[in-house]
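Residue-level structure breakdown
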Amino acid sequence: MIYDADTASFILVRTSGADKIQAVGAIAQLDFEPFGCRVYNGSISQFLQGLKASYLKDSKLSLIDGTGYSGQIDLLLDTPLNTIQELNKALFPYDLRFIPKELPGDRKTGLKEN
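Report follows, based on the coordinates. (Residues numbered from 1 in each chain as written. Predicted model: local features only at pLDDT ≥ 70, side-chain atom pairs only at ≥ 80, totals over all residues. Heavy atoms only, no water.)

Topic: the pairing of strand S2 (residues 29–33)
- Bridge count between S2 and strand S3 (residues 36–42): 5 bridges; the pairing is antiparallel. Bridging across to S3, Phe 32 finds its partner in Cys 37.
- In this structure, the hairpin formed by S2 and S3 is closed by a connection of 2 residues. (Pairing = 2+ DSSP bridges. Helix = DSSP H or I, 4+ residues; strand = E, 2+ residues; numbered from the N terminus.)

Written as structure tokens, this is what we have:
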């Protein structure tokens, strides 16, 4: 049987107008470890790339920046970040959240076993 697949995507959005992510220091540090991450003086793009590479590498999820934030950020997330639910819980104090969004993926054709 032939089927079409969509790509599941999550968009990172701000949940308030308060700027709780603005970088304070000048030294850049990006650490992605098994039980959390530190992003100091980094960008949202670097944060999303690090999440995908470190925690969601086996996932087909797409992470998209919908914050509109262009400055440098500071984030300290001290929890395993293997699911979107865990990420959202850790991002809550920063007024950030991933929301699901179905985006049409590349039309893929494959055989589906019955």
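Some words on the sheet that holds strand S5 (residues 73–77)
- Reading across from one edge, S2-S3-S5 is the order of the 3 strands in this open sheet, with antiparallel pairing throughout. The sheet is open, and its two edges are formed by S2 and S5, each paired on a single side. Strand after strand, the sheet turns through a mean of 10° between neighbouring axes, direction not considered.
- In the packing of helix H1 (residues 44–54) onto the sheet, the strands contacted are S2, S3 and S5, and the crossing angle to S2 comes to about 25°. (Axes fitted to C-alpha atoms, helices over the stretch in contact; angles between N-to-C directions. Contact = heavy atoms within 4.5 Å.)

Description of the side chain of Asn 88
- Among the structural elements, Asn 88 can be located in helix H2 (residues 84–91).
- What makes Asn 88 buried here is its relative accessible area of 10%.
- When near neighbours in sequence (up to four residues on either side) are disregarded, Asn 88 contacts Arg 97 and Phe 98. (Buried < 20%, exposed > 50% of the residue type's maximum accessible area, 1.4 Å probe, protein only.)

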